[in-house]
Amino acid sequence: MRTTELVDGFRHSASYVNAHRGKTFVVMLGGEALAQSQFRSIINDIALLHSLGIKIVLVHGARPQIDEALAQRQLVPEYYNGVRITDEESFKVIKQVVGGLQLDITARLSMSLSNTPMQGAQINVVSGNFVIAQPLGIDNGVDFSLSGKVRRIDVQGLKRQLDSHGIVLLGPVAASVTGESFNLTAEEVATQIAVKLKADKMIGFSAQKGILDSAGEVLAELMPTDAQRILSEVTDEDNWCVGTRAFLQASIDACRNGVARCHFVSYLDDGALLQELFSRDGIGTQIVTESAERLRRASITDIGGVLDLIRPLEEAGILVRRSREQLEMEIEQFMLIERDGLVIGCAALYPFEEDNAGEFACLVVHPDYRDADRGSILLKNIIGQAKVRGYSRLFALTTRSIHWFLEHGFEIVDVDALPDMKKQLYNYQRKSKILALDL
């Protein structure tokens, strides 16, 4: 990577670092991912997230490792309705496998050798009885024996460990109030923890780059209903592993119970986790409760985001410079397009009530997002507001975007067409073109 690419990438990731700091992520690392050579890199990336101030609960699975260990002992697994029936002999093997994996992950997170990504990390890895289990019981005459489900989550205990800057590591075996242990699914553990903690994100891994469409392209974003439809249409010919299906269903359940974002990335692509979280368009699939992008009115907390967006154009002389103090007074006039908590577009409607008119001003869309006509979305919203207020005309001043305004129905007018107050403020040195739209 050239120096300029490194610097640009680092600068572009800064806003995401700030957006993610202090947030809670539940990372579900299935047994399929643990079996890959990229496992170590994924652990290193999780450690990096921790170093950036992100609170992490890491839930690991063990499905393929358990199946392999049972086969080596000539124990044939039994299932009913897709759920493993865990007898006592199998459970002895399961506990050994899960315990060994948990120790391996802990050891990896504890590494701090020089010349490695973990140098100086000094991460406290905490495991414990944060998940209380109960037996699945008997279904239609089938006794699931030592297979269980989540009964409750010790939310306060988890929060104490996360607030103390530890990574909480949990597996698919949990104890019950009777002192027994039960075999759970890692997906259920991750989902229940994410929901009860009100986590900001739940993240899982699969062999694919995400959820693919019929053309093999990654679907960047899915609503739970769409994800459920795709899952219902999956056949054996699609070669989805059990873990991929299980995590997609877990993502759907988590979103429907209040987790805003669930991410699906590949465990085969080095750095996929970081690319998904710290680049503008990500690399995998998000299951979301609402679109990652939304149009909303600005508030005082958006001052910094708006300034970051408009400063480059002010410095280039395209926009008239606004001081922070001025923007604080005017911020309620702004509409924003927000993506993943970041302001990527803005526009303002300034009122001129005495002239029954409004000014469409400060239209800015981030350079990386100018290919989806977001400027038109902002204009449409501002026109709607102006009509609701009963304005008869909308005007705008521009030095660079004359044709864009003409394409949207504006006409060039002279200075005399401006409201009296705006006419007095017109800067003849800038020679801005004045355009007007009759409403």
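Residues numbered from 1 in each chain as written. Predicted model: local features only at pLDDT ≥ 70, side-chain atom pairs only at ≥ 80, totals over all residues. Heavy atoms only, no water.

- Where an unreviewed UniProt entry is consulted, the protein appears under the name Amino-acid acetyltransferase, with the organism given as Shewanella colwelliana.
- Recorded under Subcellular location (unreviewed entry), the UniProt text for the protein is reproduced unchanged: "Cytoplasm". (UniProt positions renumbered as here; feature names shortened; annotations may be inferred.)

### Examining the overall build of the protein
And then number 1: In terms of helices and strands, the protein carries 15 helices and 23 strands.
And then number 2: When its C-alpha atoms are laid out on the principal axes, the protein stretches across 90 × 55 × 40 Å.
And then number 3: About 21,900 Å² of surface is accessible on the protein, with carbon and sulfur atoms providing 48% of the total.
And then number 4: Distance between charge centroids for the protein: 5 Å, based on 46 positive and 57 negative side chains. (Helix = DSSP H or I, 4+ residues; strand = E, 2+ residues; numbered from the N terminus. Areas by Shrake-Rupley, 256 points an atom, 1.4 Å probe, with all protein chains shown as cover. Lys, Arg positive; Asp, Glu negative; His and termini not counted. Charge placed at Lys NZ, Arg CZ, Asp CG, Glu CD.)

### Observations concerning the sheet that holds strand 10 (residues 166-170)
And then number 1: Read from one edge of the open sheet, eight strands run 5-10-2-1-13-15-16-14, paired in mixed fashion. Every other strand in the sheet has two partners, leaving strand 5 (124-126) and strand 14 (221-222) as the edge strands with one partner each.
And then number 2: Here strand 2 (residues 55-60) pairs with strand 10 via three bridges, running parallel. Across the sheet, residue Val 59 finds its bridge partner in strand 10, namely Leu 170.
And then number 3: Contacts from helix 3 (residues 39-51) reach strand 1 (24-29), strand 2, strand 10 and strand 13 (201-206) within the one sheet, and its direction differs from that of strand 2 by about 155 degrees. (Pairing = 2+ DSSP bridges. Contact = heavy atoms within 4.5 Å. Axes fitted to C-alpha atoms, helices over the stretch in contact; angles between N-to-C directions.)

### As for the pairing of strand 10
And then number 1: Of all five residues making up strand 10, five are buried, and the element is well covered by its neighbours.
And then number 2: Neither face of strand 10 is open: one carries Gly 166, Val 168 and Leu 170, the other Ile 167 and Leu 169, and all of them are buried.
And then number 3: Relative to strand 10, strand 5 runs parallel, the two being bridged by three bridges. What sits directly across from Asn 124, in strand 10, is Gly 166. (Buried < 20%, exposed > 50% of the residue type's maximum accessible area, 1.4 Å probe, protein only.)

### Focus: the packing of helix 6 (residues 155-163) against helix 7 (residues 186-197)
And then number 1: For the pair helix 6 and helix 7, interaxial distance at closest approach is 10 Å and the crossing angle is 85 degrees. Compared by their axis directions, helix 6 and helix 7 come out roughly perpendicular. Here Val 155, Leu 158, Lys 159 and Leu 162 of helix 6 lie close against helix 7, whose contacting residues are Ile 193, Lys 196 and Leu 197.
And then number 2: Among the residues making up the contact of helix 6 with helix 7, the classes are represented as five nonpolar, no polar and two charged. (Parallel < 35°, antiparallel > 145°, perpendicular 65-115°, else oblique. Nonpolar A, V, L, I, M, F, W, Y, C, P; charged D, E, K, R; others polar.)

### A look at the confidence of the model for the protein
And then number 1: When pLDDT is averaged along the protein, the result is 89; 95% of the residues meet or exceed 70.
And then number 2: Of all helices and strands in the protein, the one with the weakest mean pLDDT is helix 1 (residues 3-20) (76), whereas strand 2 scores best (97). (pLDDT = per-residue confidence, 0-100.)

### Quick notes on the environment of Gln 228
And then number 1: Mapped onto the elements, Gln 228 comes out in helix 8 (residues 224-233).
And then number 2: In contact with Gln 228, not counting residues within four places along its chain, are Gln 249, Ile 252 and Arg 256.

### Thoughts on the packing of aromatic side chains
Describing an aromatic ring pair means giving the distance of the ring centres and the angle of the ring planes.
And then number 1: Within this structure, the stated rule accounts for eight aromatic pairs.
And then number 2: Their ring planes at 50 degrees and their centres at 5.5 Å tell us that Phe 352 and Phe 395 sit as a pair that is tilted. One end of the pair, Phe 352, is in strand 19 (residues 342-352); the other, Phe 395, is in strand 21 (residues 393-398), and 43 residues separate them in sequence.
And then number 3: Using a relative accessible area of 8% as the deciding quantity, one classes Phe 352 as buried.
And then number 4: Ring geometry for Phe 360 and Phe 405: centres 6.0 Å apart, planes at 75 degrees, overall edge-to-face. With Phe 360 in strand 20 (residues 357-365) and Phe 405 in helix 14 (residues 402-407), the pair connects residues that are 45 residues apart, well separated along the chain.
And then number 5: In this structure Phe 360 comes out as buried when scored by relative accessible area, which is 2%.
And then number 6: An aromatic cluster is defined as three or more aromatic residues linked by ring pairs; in this entry it consists of Phe 360, Trp 404, Phe 405 and Phe 410. (Phe/Tyr/Trp six-rings, centres within 6.5 Å; stacked < 30°, edge-to-face > 60°.)

### Quick notes on helix 4 (residues 63-72)
And then number 1: Listing the buried residues of helix 4 in full gives Gln 65, Ile 66, Ala 69 and Leu 70. Looking straight down helix 4, one finds that the buried residues subtend no more than 130 degrees of arc, so they occupy a single side. Facing away from the buried side of helix 4 by over 90 degrees, the exposed positions are Ala 71 and Gln 72.
And then number 2: Close packing links the buried residues of helix 4 with helix 2 (31-34), strand 4 (83-85) and helix 5 (88-110). (Arc of directions from axis to C-beta.)

### Considerations on unusual backbone geometry
And then number 1: Even without glycine at this site, Asn 81 takes up a positive phi of about 55 degrees.
And then number 2: Here Asn 81 lies in the loop between strand 3 (78-80) and strand 4.
And then number 3: One non-glycine residue with positive phi stands out, namely Lys 198, at about 55 degrees.

### Focus on helix 11 (residues 303-315)
And then number 1: Over its 13 residues, helix 11 runs 17 Å from end to end, which matches the ideal 18 Å to within 8%, given 1.5 Å per residue.
And then number 2: Taking the largest bend as the criterion, helix 11 deviates by roughly 35 degrees, centred on Leu 309, and proline Pro 312 comes between one and four positions later.
And then number 3: Restricting attention to buried positions, one finds in helix 11 the residues Ile 303, Val 306, Leu 307, Leu 309, Ile 310, Leu 313 and Glu 314.
And then number 4: Next to the buried residues of helix 11 lie helix 12 (324-330), strand 18 (334-339), strand 19 and strand 20.
And then number 5: Residue Gly 317 follows helix 11 closely and has a positive phi angle near 80 degrees. (Expected span 1.5 Å × (residues − 1). Bend = angle between axes of the 7 residues up to and from the residue.)

### As for the state of the cysteines
A disulfide bridge is the covalent bond that connects two cysteines by way of their sulfur atoms.
And then number 1: Summed over the entire model, instances satisfying the criterion amount to zero disulfides.
And then number 2: Cys 346 takes part in no disulfide bond, and the closest cysteine sulfur to it belongs to Cys 362, at a distance of 4.5 Å. (Disulfide = S-S within 2.5 Å.)

### Considering the sheet that holds strand 17 (residues 293-297)
And then number 1: Spatial strand order, 17-18-19-20-21-23-22: seven strands in an open sheet with mixed pairing. Sheet topology places strand 17 and strand 22 (411-413) at the edges, where each strand pairs with a single neighbour. With direction set aside, neighbouring strand axes in the sheet form an average angle of 30 degrees.
And then number 2: Relative to strand 21, strand 20 is paired through three bridges, and the arrangement is parallel. Considered in strand 21, the bridge of Gly 358 is made with Leu 394.
And then number 3: In the packing of helix 11 onto the sheet, the strands contacted are strand 18, strand 19 and strand 20, and the crossing angle to strand 19 comes to about 85 degrees.

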